[in-house]
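Residue-level listing of the chains:
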Amino acid sequence: YPAMMQAKLGTTDFEIQNYGQSGRTAVYTAPLKNGEERNYKTSSASKTKYKNSIAYNGDIVIIGLGTNDVNWAFWTSNDRYIQQYVDLVRDYQALPSKPAVYIQTATERYDGTLLITARVAENLRHIQRVVADITGAQVIDSYNLMFDLFSAGGTKYSDDKLHPNKAGYEIYGTRMANVLSSTY
């Protein structure tokens, strides 16, 4: 959706960079059986993106982590998640550009992973707001921003009932652009 956001916002006032990495977590976890690390800051798949995002020194930072954290293999406690997410947000807040930091709430899951779905609905979104309160970050309520697209459980906007497909990303990018242009 970052490319969709750029198209909607134009290039005069905004330059969108995407340093996201699928499947990453805010919480440091023990490596998986295959040796893979999942943490955004330390995993071999994303630590370069993390370093580049810091070096970019942007004016706005949007962080969308959490849905992978609530997987039973990674989640150990609310306090641990909060502290490590706070640390990540503060990394960006300490940049010379003093960026506006936005935390995206996790979106609903419709892939049949009921335990994770319940954790997102009942716990994670609240905890993400706690992180925002602690750090002074702003919240983008992605859960409600996308709820109407996924609530039917169909595949019009999501091929896997978790991630938006092209049509879903077009709508999400437009909605995210509207949020940024109205708050920044």
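Residues numbered from 1 in each chain as written. Predicted model: local features only at pLDDT ≥ 70, side-chain atom pairs only at ≥ 80, totals over all residues. Heavy atoms only, no water.

**A few points about the overall build of the chain**
When helices and strands are counted, the chain shows 6 helices and 3 strands. Going from N to C terminus, the chain has its helices and strands arranged as α-α-β-α-β-α-β-α-α. Relative to its full complement of 184 residues, the chain shows a buried share of 44%. Intrachain contacts of the chain at a sequence separation of at least 6 include 67% that bridge at least 24 residues. As displayed, the chain has an accessible area near 9400 Å², and 50% of this comes from carbon and sulfur atoms. (Helix = DSSP H or I, 4+ residues; strand = E, 2+ residues; numbered from the N terminus. Buried < 20%, exposed > 50% of the residue type's maximum accessible area, 1.4 Å probe, protein only. Contact = heavy atoms within 4.5 Å. Areas by Shrake-Rupley, 256 points an atom, 1.4 Å probe, with all protein chains shown as cover.)

**With respect to the nonpolar core**
Core analysis: the largest hydrophobic core is formed by 26 residues, its most contacted members being I63, Y81, Y85, V89 and Y92. Elements with a contribution of two residues or more to this core: strand 1 (60–63), helix 3 (78–93), strand 2 (100–104) and helix 4 (114–135). When residues of this core are assigned to their parent elements, the largest contribution, 7 residues, is made by helix 3. Those residues within four positions of Y81 in sequence are excluded, and the remaining contacts are A26, V27, L65, G66, D69, W75, L124, I127 and Q128. The next biggest cluster of nonpolar side chains, apart from the first, holds 16 residues, and it includes M5, Y102, M146 and Y157. (Core = buried A, V, L, I, M, F, W, Y, C linked by side-chain atoms within 4.5 Å.)

**Let's talk about the environment of E108**
With respect to the helices, strands and loops of the structure, E108 is situated in the loop between strand 2 and helix 4. Sequence spacing of E108 and H163 is 55 residues, and the spatial spacing of their C-alpha atoms is 9.8 Å.

**Some words on the packing of helix 2 (residues 47–56) against helix 3**
The description of two helices packed together rests on the angle between their axes and the distance between the axes. Contact pair helix 2 / helix 3: the axes reach a minimum separation of 9 Å and the direction vectors enclose 40°. Contacts from Y50, S53 and I54 of helix 2 reach helix 3 at L88, D91 and Y92. Partitioning the contact of helix 2 with helix 3 into residue classes produces 4 nonpolar, 1 polar and 1 charged. (Axes fitted to C-alpha atoms, helices over the stretch in contact; angles between N-to-C directions. Nonpolar A, V, L, I, M, F, W, Y, C, P; charged D, E, K, R; others polar.)

**Concerning unusual backbone geometry**
Positioned with a positive phi, N57 is a non-glycine residue whose angle comes to about 60°. With respect to the helices, strands and loops of the structure, N57 is situated in the loop between helix 2 and strand 1. Judged by relative accessible area, N57 falls into the partly exposed class, the value being 27%. You will see that K98, though not glycine, has its phi angle at about 45°, which is positive.

**Quick notes on the environment of G20**
Its place among the elements puts G20 in the loop between helix 1 (2–9) and helix 2. In sequence terms G20 and S46 are 26 residues apart; their C-alpha atoms lie 7.9 Å from each other.

**So, the pattern of salt bridges**
Where charged atoms of side chains with opposite charge meet at close range, the side chains can pair. Taken as a whole and assessed by the stated rule, the structure comprises 2 salt bridges. For R129, the salt bridge is made with D141, and the minimal N-O distance between the two is 3.3 Å. Taken together, the positions of R129 in helix 4 and D141 in the loop between strand 3 (138–140) and helix 5 (142–150) put the pair 12 residues apart, joining distant regions of the chain. Between D148 and R175 there is a salt bridge, and its shortest N-O distance comes to 2.8 Å. Residue D148 is located in helix 5, and its partner R175 is located in helix 6 (residues 166–183); the two are separated by 27 residues in the primary sequence. Owing to a relative accessible area of 46%, D148 belongs among the partly exposed residues under this scheme. (Salt bridge = Lys/Arg side-chain N within 4 Å of Asp/Glu carboxyl O.)

**A look at the sheet that holds strand 2**
For sheets, the rule is that strands pair by backbone hydrogen bonds, running either parallel or antiparallel. An order of 1-2-3 is seen for the 3 strands of this open sheet, with the pairing classed as parallel. Every other strand in the sheet has two partners, leaving strand 1 and strand 3 as the edge strands with one partner each. The sheet shows a mean angle of 30° between the axes of neighbouring strands, taken without regard to direction. Across 4 bridges, the pairing between strand 1 and strand 2 is parallel. Paired with I62 across the strands is Y102, a residue of strand 2. (Pairing = 2+ DSSP bridges.)

So far we have only geometry, and geometry alone does not tell us how the molecule works.
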